[in-house]
Amino acid sequence: MNMREGSIGKAEITNILAISLVCIGIFTFDSNSLYKEGNLAYIALPVSLLFAILLSFFVWWSNKKSNQAGLLEMIASCFGESVAAIYKAVLAISLAGTAVAPIVRFMKMMYRYVYRTDYYSIAFCALIGIIVLAMLGFECIGRTSNALSAVLLVTLAVLLIAPAQSYEFYRLYPLVKKDAAFVWPQMGEAFMGFVSLLLLPLCIPNSVHGLNNLRKPIVIAGSVSLVLVFATLFCISLVFPSSLLSEQWVPLFRMNTLFEAEGFFERTEKLMMFILMVGCILTCAYAVFGSSRLTSAVLAQKDIRPCIAAMSFLVITVACFFCINTDKINTYGNIITIMRLCLAGAITLPALAAAIIALIRHKKDRRTLNCQN
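Here, residues in each chain are numbered from 1, in the same order as that chain's written sequence. For a predicted model such as this one, the threshold for reporting local features is a pLDDT of at least 70, and the threshold for listing and counting side-chain atom pairs is 80 or more; totals across whole chains, interfaces and linings nevertheless cover every residue. Values reported for side chains reflect all heavy atoms of the structure, with hydrogen atoms and water molecules removed beforehand.

(A) Here's a closer look at the packing of helix α4 (residues 71-79) against helix α5 (residues 81-114). Fitted lines through C-alpha atoms give the axes, limited to the stretch in contact for helices. The angle between two N-to-C directions lies from 0 to 180 degrees. The helix and strand labels rest on DSSP assignments: H or I over at least four residues marks a helix, E over at least two residues marks a strand, and numbering proceeds from the N terminus. Where α4 contacts α5, the axes come no closer than 7 Å and their chain directions differ by 140 degrees. Classified by the angle their axes make, α4 and α5 are oblique. At the point where α4 passes α5, the crossing takes the right-handed sense. Residues Leu71, Leu72, Ile75, Ala76 and Phe79 of α4 touch α5, and the partners they reach there are Glu81, Val83, Ala84, Tyr87 and Lys88. We call Asp, Glu, Lys and Arg charged. Ala, Val, Leu, Ile, Met, Phe, Trp, Tyr, Cys and Pro are nonpolar, and the rest, Gly among them, are polar. The residue inventory of the contact of α4 with α5, partitioned by class, reads 8 nonpolar, no polar and 2 charged. Any angle between 65 and 115 degrees counts as roughly perpendicular, while under 35 counts as roughly parallel, over 145 as roughly antiparallel, and the rest as oblique. It is the rotation of the near helix from the far one that decides the hand of a crossing: anticlockwise by less than a right angle makes it left-handed, clockwise makes it right-handed. Contact definition: two residues touch when any of their heavy atoms are within 4.5 Å.

(B) Representation of the packing of helix α6 (residues 119-136) against helix α14 (residues 305-324) in the model. The interhelical angle for the contact between α6 and α14, taken along N-to-C directions, is 150 degrees, at an axis separation of 10 Å. Taken as axis vectors, α6 and α14 run roughly antiparallel relative to one another. You can see that α6 and α14 cross each other, and the crossing is right-handed. The residues of α14 that touch α6, namely those facing Tyr119, Tyr120, Ala123, Ala126, Leu127, Ile130, Ile131, Ala134 and Met135, are Arg305, Ile308, Ala309, Ser312, Phe313, Ile316, Cys320, Cys323 and Ile324. For the contact of α6 with α14, the class distribution of residues is 16 nonpolar, 1 polar and 1 charged.

(C) Expanded view of the packing of aromatic side chains. Two aromatic rings, drawn from Phe, Tyr or Trp (for Trp, its six-membered ring), form a pair once their centres lie within 6.5 Å of each other, and the interplanar angle then sorts them: stacked below 30 degrees, edge-to-face above 60, tilted otherwise. Counted under the stated rule, the structure contains 11 aromatic pairs. Each ring, one from Phe138 and one from Tyr286, has its centre 6.2 Å from the other, and the planes form 10 degrees; the classification is stacked. With Phe138 in helix α7 (residues 138-161) and Tyr286 in helix α13 (residues 269-298), the pair connects residues that are 148 residues apart, well separated along the chain. Members of the aromatic cluster, connected to one another through ring pairs, are Tyr42, Phe169, Phe230 and Phe234.

Printed below as a string of structure tokens:
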């Protein structure tokens, strides 16, 4: 049996979750859709992340109270093994979809800011990084996260502090021009990515030395990522009004145009961009590994490596299609949004229902035991 799981500690899983949540929160949203009717992003996306953190913590707490080994075991005990197998498949699909978003951003940033070549060459470079990290296993991803987390934090801090002289609070308004309904699809899509990444460790508790080691990582990683996502989006809104943000592709990297000419930060902007793109690769590797791990379980495979290879190629292929066929994606964007919202519901509702049922059963068992005594 070769599942490449290993066992990682609290620091590793905390850094994995924090880096992944921050990358999803600040890189994968669609600026045109999110800012077209107002500057509500710095409230909407952190709220979406907060809901995902609360849900994952509630599911962990229910697992702990009901003495279940993990989320999949809890779903199996409540709804049966067949539903648990379907849930594995749905979560694997959701993780694969989550992996596509950061890799699309990586490829487009490389194409626009670094190396204007064809997307296939960039995709090949990204594929190597994803396969190597995922093939080396969960421990490799965790230790790479440990090494990268402090560097990413400093890089993000520099990107936010350097253009501080351009911050103006009047740019935070208007929050909503006409109707706030435009922000709900973006919140739902972001929620799918957040909750998929947070629920994965609950599905593979043996890789993190059991559920006891997940409480602090969920709380710490959730809190840190929530602060960083809010701070990043808030600072972006202080620099650009919503009318300009809706026309920008990655607003965070437009902020480096405000650095002092010929200054220190201007000379390091490409390095900082590269560090953040490495975070995108790490996020993608984590999601690919999780998706492959669940797929192997569904297919009853004892070797995860074929699934990792297939999933990596699938994610890169879809990312290339998204990059090359941007016009078609914009045309059929509503269909993609609906699919992501359906996935968000499909991974959230069973987990929430199982957690509630498990708690009710636990309380009934305690009452029965007390009556017998």
